[in-house]
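Fold and contact review
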Amino acid sequence: MKAELIFVGNSNEAALNQAKSKLEGMGAEVVGCANIENDPIMLKKALKTAIGRSQLAVIVGGVGFNADDLTIKTVSEAVGAETACNQSVLANIAEYFAAKGEQLPDGAFRSAILPVAANVFYGEKGSVGCSLTQGEQAIVMLPSDEEVFDTMMEKDVTPIVNSMKGKATSERTFFAADVSDA
């Protein structure tokens, strides 16, 4: 199964390599890695490339409470997915901040607007990620917080990769030198 990684916003080479290693450790062949700015046009272009050559696109970053966290909105628009406020997600975020005795951040409502058909991942710190699947392709969107990312990769992305293994064909070419016809 072929996979593509797209890091959005502030990331570094070490984080990109760690994510690549995690996917390869799950059995995915990572055919591309992109590190782009938090820009909807750039993300749509990177996503188009990723879904054109792989079965799995993992997008890390741009998923959170900040006003510039536009990954879920941008991906939803790009693939034509209907979005709505997920009340369960909003309640989960509210519970997290209430337990800390803090006010709900301004971006909490925006973080709860997800694709209607999304599979939601609940993480630490009131964070969420999600995946969209269509046929034999999947798009996964994860927060860039290292602790949350690591947990969601193990708990939520591993089952997706495992379910997709073997659904794509691969080709290998072997070359032999100095071998007789016999």
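Whatever comes next refers back to the structure up there.
Residues numbered from 1 in each chain as written. Predicted model: local features only at pLDDT ≥ 70, side-chain atom pairs only at ≥ 80, totals over all residues. Heavy atoms only, no water.

What about the pairing of strand E7 (residues 128-134)?
What counts, and what does not: Summary of the burial criterion: residues with accessible area below 20% of their type's maximum are buried, those above 50% are exposed, and those between are partly exposed, where the area comes from a 1.4 Å probe applied to protein chains only. Put simply, DSSP marks the helices as runs of H or I at least four residues long and the strands as runs of E at least two long, and each gets a number from the N terminus on. By the convention used here, strands pair only if DSSP detects at least 2 bridges between them.
Counting buried residues along E7, five of its seven residues qualify, which places the element largely inside the surrounding structure. Note that strand E6 (residues 119-122) and E7 share four bridges and pair antiparallel. Bridging across to E7, valine 120 finds its partner in cysteine 130. Remark: five residues form the turn of the hairpin made by E6 and E7, two consecutive strands paired antiparallel; lysine 125 in that turn has positive phi of roughly 65°. Sheet topology note: the E7/strand E8 (residues 137-142) ladder contains five bridges and is antiparallel. Each bridged residue has a counterpart across the sheet, and for serine 131 the counterpart in E8 is valine 140.

Side note on the nonpolar core
We apply this condition: Here, nonpolar core refers to any group of buried Ala, Val, Leu, Ile, Met, Phe, Trp, Tyr and Cys residues whose side-chain atoms link them within 4.5 Å.
One finds Ile6, Ile59, Val75 and Met141 to be the most contacted residues of the largest nonpolar core, which totals 27 residues. Going through the elements one at a time, strand E1 (2-8), strand E2 (29-36), helix H2 (40-53), strand E3 (56-60), helix H3 (71-79), helix H4 (87-99), E7 and E8 are the ones with two or more residues in this core. Counting 25 residues, the second-largest nonpolar core is a separate cluster that includes Met1, Met152, Met153 and Ile160.

Some details on the pattern of salt bridges
Spelled out, the test is: When a carboxyl oxygen of Asp or Glu is within 4 Å of a side-chain nitrogen of Lys or Arg, the pair counts as a salt bridge.
Tallied over the full model, the rule gives nine salt bridges. The residue glutamate 77 makes a salt bridge to lysine 44 at a minimum N-O spacing of 3.4 Å. You can see glutamate 77 sitting in helix H3 and its partner lysine 44 sitting in helix H2, a full 33 residues away along the chain. For the salt bridge of aspartate 156 with lysine 155, the shortest nitrogen-to-oxygen distance reads 3.6 Å. The class of lysine 155 is partly exposed, set by a relative accessible area of 44%. Through salt bridges with shared partners, a single ionic network connects Lys44, Lys73 and Glu77.

Remarks on the packing of aromatic side chains
For the record, the criterion: Within 6.5 Å between ring centres, the rings of Phe, Tyr and Trp (the latter by its six-membered ring) count as paired, and their orientation is classed by plane angle as stacked under 30 degrees, edge-to-face over 60, tilted in between.
Under the defined criterion, the tally for this structure stands at two aromatic pairs. Seen in terms of ring centroids, phenylalanine 65 and phenylalanine 97 are 5.6 Å apart; in terms of plane orientation they differ by 70°. Their pairing is edge-to-face. Of this pair, phenylalanine 65 sits in the loop between E3 and H3 while phenylalanine 97 is found in helix H4, placing the two residues 32 residues apart along the sequence. Taking the centre distance of 4.9 Å and the plane angle of 85° together, the rings of tyrosine 96 and phenylalanine 97 count as edge-to-face. Here the aromatic cluster, defined as three or more aromatic residues joined through ring pairs, consists of Phe65, Tyr96 and Phe97.

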